[in-house]
Amino acid sequence: MRTWLSWMGSLGVGLAAPLAGAETGSETRHTVLLVQPLRMGTGTLGLGVEHAVGERVALSGALHGSLVVDSFRLAPGIEPATSRRVGVDVDPGVHVYLTGRAPEGLWVGPHLEASWERDTTQSFSFDGVTRRPVELRSTTLDYGASARVGYTAILAPGLSAQVGLGLTALRIHAVTRNPTRDGAETVEVTTNRPWSVAPRLMVGVGWAF
């Protein structure tokens, strides 16, 4: 009889342990992975992640990339020009949660921002005798910081959504390389634009685990 009761007790503990673990795992989520299809002012597609490092604090980061290729004619009868734009930017930050438990609830926090973009246009020039390829190239580096407020919602079984709004201060460093009129040389122009302030809107959907 004692052996039977001992076996039943062991079986009950063995069944209860997985159930308790599953229940705890469903309630506690530390990481949110987000796809960010909308980022106002950039038009890029990105992947973001947020990980709780405390009850009220989470580390956030995002990587955005863009690739746009276009073909157009500068004038009728001229061969089409090809334009290619490649860009990437990073966006690390810290979220302090005012409500709920990180990474869910209302949060505020600072972000650093840096982006790099290269725009290349390839066309042809014709002086009546010689046809020459022409390439126009510009490289832009933006860097700065932003202050944001947002909300992260986690729904069962883990579907998540996040929206953030803030102000960004950015400085722009641009380098343009254009050929001279005869195409024999390249002229490089460097431009440093002063700090500017712009709104920042972020929307993301994803999964919490």
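All of these numbers come straight from a predicted model, not from anything done at the bench. (Residues numbered from 1 in each chain as written. Predicted model: local features only at pLDDT ≥ 70, side-chain atom pairs only at ≥ 80, totals over all residues. Heavy atoms only, no water.)

(A) Expanded view of the packing of aromatic side chains. This model, assessed by the stated rule, comprises 1 aromatic pair. Relative to Trp-195, the ring of Tyr-143 lies with its centre 6.0 Å away and its plane at 85°, an arrangement referred to as edge-to-face. With Tyr-143 in strand β7 (residues 131–154) and Trp-195 in strand β9 (residues 186–208), this pair connects stretches of sequence that are 52 residues apart. Take Tyr-143: its relative accessible area is 34%, and that puts it in the partly exposed class. (Phe/Tyr/Trp six-rings, centres within 6.5 Å; stacked < 30°, edge-to-face > 60°. Helix = DSSP H or I, 4+ residues; strand = E, 2+ residues; numbered from the N terminus. Buried < 20%, exposed > 50% of the residue type's maximum accessible area, 1.4 Å probe, protein only.)

(B) Expanded view of unusual backbone geometry. The residue after Ala-102, namely Pro-103, is reached through a cis peptide bond having omega 10°. Mapping Pro-103 onto the fold places it in the loop between β5 (93–97) and β6 (105–126). Here the amide bond leading from Ala-156 into Pro-157 is cis, since omega sits at -5°, within 30 degrees of zero. Relative to the helices and strands, Pro-157 is located in the loop between β7 and β8 (159–179).

(C) Structural view of the pattern of salt bridges. In total, this model carries 6 salt bridges according to the counting rule given. The salt bridge partner of Asp-119 is Arg-85, with a shortest N-O separation of 3.3 Å. Here Asp-119 is found in strand β6, whereas its partner Arg-85 is found in strand β4 (residues 81–90), with 34 residues between them in sequence. A salt bridge links Glu-188 to Arg-177, with the nearest nitrogen and oxygen atoms 3.0 Å apart. With Glu-188 in strand β9 and Arg-177 in strand β8, the pair connects residues that are 11 residues apart, well separated along the chain. Assessed through its relative accessible area of 30%, Arg-177 is described here as partly exposed. What emerges from the salt-bridge pattern is a single network uniting Asp-91, Glu-113, Arg-148 and Arg-200. (Salt bridge = Lys/Arg side-chain N within 4 Å of Asp/Glu carboxyl O.)

Taken by themselves, the reported measurements are silent on function.
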